[in-house]
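Fold and geometry: a report
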Amino acid sequence: MIATTLAEPDDFEAWRAEARRLVERGVSPDAAGWHEDTADLFAAPAAAPVSVDRAREVRASRAFMNLARSAVLHSDPARLGLLYRVLWRLQEHPRLLDDAADRDVAALERLARQVRRDIHKMRAFVRFRTMPLEDGPLENGPLEDGGERFVAWFEPDHRIERANAAFFVNRFASQQWSILTPRLSLHWDGAALLEGPPATRADAPAEDATEELWLGYYRSIFNPARLKIGMMVREMPRRYWKNLPEARAIPELVAGAQQREAAMIATGTDLFAAETPPASLSAVAEGIARCRRCAIGCNGTRAVVGEGPASAGLMIIGEQPGDTEEREGRPFVGPAGQLLDAALATAGVDRARAYVTNAVKHFKFAPRGKRRLHQAPTAGEIDMCRWWLDAERALVRPRVILALGASSARGLLGRTPAIGRERGQAIALPDGGTIWLTAHPSYLLRLDGEAREREHGRFAQDLAGLARLLGESA
């Protein structure tokens, strides 16, 4: 066994040099032992290297190097052997990384993915607090006499501190700061990055004078209408909360979300309080074309109003017009509309007999060169446009409404429903109408493989249920 020791477990260049040396000498993964910090005193004596006429040429793709730079930072001690094994196999199989089913490749991808996620979490959840420069542990000496510095405590899962240092140097170049972790400390004095020994949470300040200002800002930007607790916890795991000043406000904001959402809806409705509802669908169309009550209505696109029989028994509501719909001035004529038409025809529902519209009447987009990329409307923008949707409903008086996606349902219910839980079932409205909820066809267009087949099947089942409901309500 040839034992190789890395003095620093996150030193990719040291691993690379040692791995190259071993491959050149023909040392197989089974004959290479990888260790961190200290050598294994009980390792078997080093075996003689495989005899070769000349050193092997070591080949490694750029994709492997990118994966290896991330994976070497992982806390799993087995990562070094895994990296070397993949490098060894790449010499005979240069396209090994293309085989996603390979166990070594899958394991390497998993390690790199977990490291990248940890890097992202550190950038998102480091919170600096002010501390006088003369206070606290700075083994490398004072950064500067007088003034103050910013200190943060963070507990990464992996060895990402050094790899992440450049991000904080570039972002906070003009300030003096320290990031303390259980493995090492990083100190920036405005000109050079210094490294110190491990720290404890007690070495960082518990709070500072600016936190009430930050809490006030956080409360003001918290949007209760967009609250998804499960997603929030996935993106901001609870284990980080103890270091986040805003975390202590989260319980009260979640508890009061429903009340605040109702107040937001009432505020949007009040803007129309003095207006008389339109007396005809043509008046609705004229009013929507002039409407500038939200940013979408002011973005220079033309309004796309509903079309179909004025007394249709079925109303179909989407989220908002897309690029094709805005250019042609008609709802559901793009790829999503074509998918919807085919699915309705299969279910035996005649679109020509339905009134088709959207919850939001203008196209919200982000420019990307010559392209216009769809952007989802906010809850506030949907609520602002609800007055027009209510006017259409009052004039058409449909018995059944097919709501495509959560945004369209919000325009009807004043709340954002869970599609997975509420789709494919009748939801009664106070005016006697019935909502039938399903996914938006644009969602189906973004899928492929088994997910696409599965969701197309569910969509077809939902529309078959709609056809039965229409028959029952006729």
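Secondary structure assignment for the chain yields 17 helices and 14 strands. Within the chain, buried positions represent 46% of all 474 residues. When contacts within the chain are restricted to residue pairs at least 6 apart in sequence, those whose partners lie at least 24 apart make up 72%. By element, 52% of the accessible surface of the chain is carried by carbon and sulfur atoms, the whole surface being about 24300 Å².

Summed over all chains, the structure comprises 30 salt bridges. The salt bridge involving arginine 79 is made with glutamate 36; its shortest N-O contact spans 2.5 Å. Highlighted residues: arginine 79 in helix H3 (residues 79-90) and glutamate 36 in strand E2 (residues 32-36), separated in sequence by 43 residues. Classification of arginine 79 by relative accessible area gives buried; the value is 0%. Arginine 162 is the partner of glutamate 195 in a salt bridge, and the nearest nitrogen-oxygen pair spans 2.6 Å. Pair noted here: glutamate 195 is in strand E7 (residues 193-196) and arginine 162 is in helix H5 (residues 161-171), with a separation of 33 residues, a long-range link. Of the residues examined, glutamate 195 reaches a relative accessible area of 36% and is grouped as partly exposed. Via salt bridges that share partners, Glu8, Asp10, Glu161, Arg162, Arg183 and Glu195 belong to a single interconnected network.

Glancing now at the confidence of the model for the chain. This prediction gives the chain a mean pLDDT of 85; 82% of its residues lie at or above 70. Counting contacts from residues 136-143, a segment whose pLDDT is below 50, to residues more than four positions away or on other chains yields 22 contacts.

With that settled, consider the nonpolar core. By size, the foremost hydrophobic cluster in this structure holds 52 residues, and its most contacted members are Trp15, Trp34, Phe64, Leu83, Tyr84, Val86 and Leu108. The greatest single-element share of this core, amounting to 9 residues, is contributed by helix H4 (residues 103-125). Each residue touching leucine 108, except ones within four places of it in the same chain, is listed here: Phe64, Leu67, Ala71, Leu82, Leu83 and Val86. Listed in part, the 20 residues of the second largest apolar core include Leu314, Leu463, Leu466 and Leu469.

Before going further, it helps to spend a moment on H4. Helix length check: H4, at 23 residues, gives a terminal C-alpha distance of 33 Å against a target of 33 Å (1.5 Å per residue), a fit within 8%. All of the buried residues in H4 are Asp104, Val105, Ala107, Leu108, Leu111, Ala112, Val115, Asp118, Ile119, Lys121, Met122 and Phe125. N-cap assignment for H4: the residue whose side-chain oxygen lies 3.0 Å from the backbone N of aspartate 104 is aspartate 102.

With respect to topology, 5 strands assemble into an open sheet ordered E9-E8-E12-E14-E13, the strand pairing being mixed. Each edge of the open sheet carries a strand with a single partner, namely strand E9 (354-358) and strand E13 (426-428). Taking each pair of neighbouring strands and ignoring which way they run, the sheet shows an average axis angle of 25°. Two strands pair when backbone bridges link them, and strand E8 (residues 314-318) and E9 are joined in this way by 5 bridges, in the parallel orientation. Bridge pairing in E9 places isoleucine 316 opposite valine 356. Across the sheet, helix H13 (residues 379-396) is in contact with E8, E9 and strand E12 (400-404); its angle to E9 comes to roughly 170°.

By the element assignment, glutamate 381 lies in helix H13. Looking at glutamate 381, the relative accessible area reads 13%, which means it is buried. When sequence neighbours within four positions are dropped, the list of residues in contact with glutamate 381 reads Ile296, Val360 and Lys364.

Attention shifts here to the packing of aromatic side chains. Counting across every chain of the model gives 13 aromatic pairs. Here phenylalanine 128 and phenylalanine 172 contribute two aromatic rings whose centre-to-centre distance is 5.4 Å and whose plane-to-plane angle is 75°, an arrangement assigned as edge-to-face. Remark: phenylalanine 172 occurs in the loop between H5 and strand E5 (177-180) and phenylalanine 128 occurs in the loop between H4 and strand E3 (129-132); sequence separation between them is 44 residues. With centroids separated by 6.1 Å and ring planes inclined at 55°, the aromatic side chains of phenylalanine 128 and tryptophan 177 adopt a geometry described as tilted. Taken together, the positions of phenylalanine 128 in the loop between H4 and E3 and tryptophan 177 in strand E5 put the pair 49 residues apart, joining distant regions of the chain. Overall, the relative accessible area of 22% leaves phenylalanine 128 in the partly exposed class. Cluster of aromatic residues (ring-pair linked, three or more members): Phe12, Trp15, Trp34, Phe64, Tyr84 and Trp88.

This paragraph deals with helix H12 (residues 335-347). With 13 residues, H12 ought to run about 18 Å at 1.5 Å a step, and its terminal C-alpha atoms sit 19 Å apart, in line with that. If you check which residues of H12 are buried, you get Ala336, Gly337, Leu339, Leu340, Ala343 and Leu344. Seen end-on, H12 carries its buried residues on one side only, within an arc spanning 160°. In H12, the exposed positions angled more than 90 degrees off the buried face are occupied by Gln338, Ala345 and Thr346. The inward-facing, buried residues of H12 abut E8, E12, helix H16 (441-445) and helix H17 (449-473). Remark: glycine 348 follows H12 within two positions and exhibits a positive phi of approximately 85°.

About the cut-offs
- Residues numbered from 1 in each chain as written.
- Predicted model: local features only at pLDDT ≥ 70, side-chain atom pairs only at ≥ 80, totals over all residues.
- Heavy atoms only, no water.
- Helix = DSSP H or I, 4+ residues; strand = E, 2+ residues; numbered from the N terminus.
- Buried < 20%, exposed > 50% of the residue type's maximum accessible area, 1.4 Å probe, protein only.
- Contact = heavy atoms within 4.5 Å.
- Areas by Shrake-Rupley, 256 points an atom, 1.4 Å probe, with all protein chains shown as cover.
- Salt bridge = Lys/Arg side-chain N within 4 Å of Asp/Glu carboxyl O.
- pLDDT = per-residue confidence, 0-100.
- Core = buried A, V, L, I, M, F, W, Y, C linked by side-chain atoms within 4.5 Å.
- Expected span 1.5 Å × (residues − 1).
- Polar contact = N/O pair within 3.5 Å; in protein donor to acceptor, adjacent residues only side chain to side chain.
- Pairing = 2+ DSSP bridges.
- Axes fitted to C-alpha atoms, helices over the stretch in contact; angles between N-to-C directions.
- Phe/Tyr/Trp six-rings, centres within 6.5 Å; stacked < 30°, edge-to-face > 60°.
- Arc of directions from axis to C-beta.

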